[in-house]
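# Results of the structural survey
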Amino acid sequence: MSYLTVRTRKADEVLVVYIDGYLNSLMGEEVERVVREALDAGCRKILLSFEGTRLINSIGISIIIDIVEKIMDRNGTLAFCALSRINRELFQMTGVARYVQAFDREEDALGYFDQSA
Amino acid sequence: MPLDISTSRPEANRLDGDRLPAGRREAFTLKALRDFTLCFARGRDFDESLHLALMVILGTCSIVKGALLLQEDGEFRIRVSRGLPPGIPPIEASKELLAALRRSIQPVRMGKPAVSKGIRQAVADIERAVPAFSVEVLCPLGARNGSPGLLALGPRITGEALTLQQRETLSVMTSLLSSHISNHRVISDIFRLNEVLQIQVRENDRLLTGMQEIYFDTIRALATAIEAKDPYTRGHSERVAKISVSIAKGLELPEKEVQAIRIASILHDVGKIGTSRSILMKPSPLNAEEFLEIRRHPQTSFEILSEIRFPYPDVALLARDHHEWLDGTGYPEGKRECQISMGARIIALADAFDAMVSDRPYRDSLSLLAALGEIRSCLRSHYDPNVGRMFFRSLRTELAGGAQEAPVFTGLEKRPSRADTLAFIDRALSDLH
């Protein structure tokens, strides 16, 4: 079972990326593409929403690590929201968590971006 | 600070920390190993499977950048990479590097002392080719089974060294990856070899078809030569061949024998080349001397055909014996019963039948029913009853409009009503049972 839908919405300066489905295959490179295009277009605030994310595996981690690295390279700000307990533990275990703020709710994350502006 | 997963405060959660439920890391490692093995089956092609494998390794070890290089044409070329720019030039497959790869199957950590010169040089080459890439671990791939590759891994996202568990997992994964690469090379070699063989087989088929065409043309030319001399036999050889082959197939003779019977049927009268035209065309019964001369044609056929190396057995013998009868009253040798091969018995009946229903210089053709009556009356004495049964069955099938691939019996214009003939054949067949 593997499906993935990537939706985006712009909330002021923040690009919110909704990752729905399974982040466990090459389809996940769509998330990388969306983020890369936003960075190329000058956007520096990215919020990944994992509310609809059913599963992240090692391939998904590789994708997220790549995104973290790219945003740090461009001095951007990245935040996560709506993480399940398992995904929270996964980011903790892999070290990704040290570089990203995580929020329960999307509006809390958007508030964080406002403060850091 | 403890991880607060139930917080509803609007500040950020502390994701960082080491306090994970027991067994989480081990479960993650096991799942990663499972993901890794699935890569090989899920990749739509070799490169995609390598790409997926690299992603699993990077994800499992939290590494940002990595490249997989395979040896091709004496150099190591980047086959897949992540986090690196495209267009990285190949690095030299030096003797020192190849020797070092043969010695080591374990991932080599660059920070450690006692890293061999070949490995150090390779890493320096890679880092020179991609300045943004700092290689922390270099994994030898598949050098033991002759298909060397390299997996170059950059630092972890945290900047920390790999844990013991990660190093062991990496070691297992690179070992699996080595096997996958070797298997791919073996399969590619087999496919390449198979393609070469298929081209060869197609070429052989083409040559064989060409040779068969020449062969059949030669046979037909020989048959035409006889018919040119004896116009009354025009088409006779082809008709005898059709009937004989139909009987031979009905008797389920091996394919090679069927082909021998086909050729011998076409050429059975080739010896008539040596018979004078006046005898062949004589509109009245032959005298004793003429009779002797015409009876020599099977032996002449044998002598002509035994000079030819046919790809089928006993063609010349079949032609010689096509006038032999079971009771020993035939010619040229008066062979009996088991001295006469099945093929010759078949041709004898087919030849006699076609001769009966054809016009000859000294007589008109017999009616179909009369010819069938003649054949039937000579079963056991002249003709083999099994051959007769198959002959009647074949004719019956054709007259009844049954499914024969192509018509066997042609030129039977003088046949009486179909119903009478079928009734006659049915009686003959029931006698034979």
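Residues numbered from 1 in each chain as written. Chains lettered and ligands numbered in written order. Predicted model: local features only at pLDDT ≥ 70, side-chain atom pairs only at ≥ 80, totals over all residues. Heavy atoms only, no water.

## Section: the nonpolar core
To keep it simple, the criterion reads: What we call a nonpolar core is a set of buried Ala, Val, Leu, Ile, Met, Phe, Trp, Tyr and Cys residues that are connected through their side-chain atoms within 4.5 Å. Partly exposed describes any residue whose relative accessible area lies between the buried limit of under 20% and the exposed limit of over 50%, with all areas from a 1.4 Å probe on protein chains only and scaled to the type maximum. Numbering goes from the N terminus for both helices and strands, where a helix is a DSSP run of H or I of at least four residues and a strand is a run of E of at least two. By definition, residues are in contact when any of their heavy atoms lie within 4.5 Å.
By size, the foremost hydrophobic cluster in this structure holds 65 residues, and its most contacted members are A:Ile46, A:Leu48, A:Phe80, A:Phe91 and B:Leu153. With 10 residues, helix α2 (residues 46-61) of chain B is the largest single contributor of residues to this core. With residues up to four places along the chain from it excluded, the contact list for A:Phe80 reads A:Leu47, A:Leu48, A:Phe50, A:Ile64, A:Phe91, A:Val96, A:Val100, A:Gln101, A:Ala102 and A:Phe103. Within the second largest apolar cluster, 58 residues are counted, among which are B:Val315, B:Ala350, B:Leu368 and B:Leu429.

## Re unusual backbone geometry
With an omega dihedral of 10 degrees, the bond running from B:Tyr331 to B:Pro332 counts as a cis peptide bond. Counting through the fold element by element, B:Pro332 comes out in the loop between α11 (315-320) and α12 (342-356). Here the phi dihedral of A:Ala82 falls at roughly 55 degrees; this positive angle occurs in a residue that is not glycine. Non-glycine residue B:Ser62 carries a positive phi angle of around 55 degrees. Within the element layout of this structure, B:Ser62 appears in the loop between α2 and β1 (66-72). Here B:Ser62 falls in the buried class, since its relative accessible area comes to 1%.

## Brief notes about the packing of aromatic side chains
Threshold: Centres within 6.5 Å make a pair out of two Phe, Tyr or Trp rings, where for Trp the six-membered ring is used; the pair is then stacked when the planes are under 30 degrees apart, edge-to-face when over 60, and tilted otherwise. Ring-over charges, as used throughout, are those where CZ of Arg or NZ of Lys falls within 6 Å of the ring centre and within 35 degrees of the ring normal.
Under the defined criterion, the tally for this structure stands at 11 aromatic pairs over all chains. Ring plane angle 40 degrees and centroid distance 5.0 Å describe the contact between A:Phe103 and A:Tyr112, whose orientation is recorded as tilted. Directly above the aromatic system of B:Phe302 lies the positively charged group of B:Arg320, at a separation of 4.6 Å from the ring centroid. Directly above the ring of B:Phe424 sits B:Arg376, whose terminal nitrogen or CZ lies 5.2 Å from the centroid.

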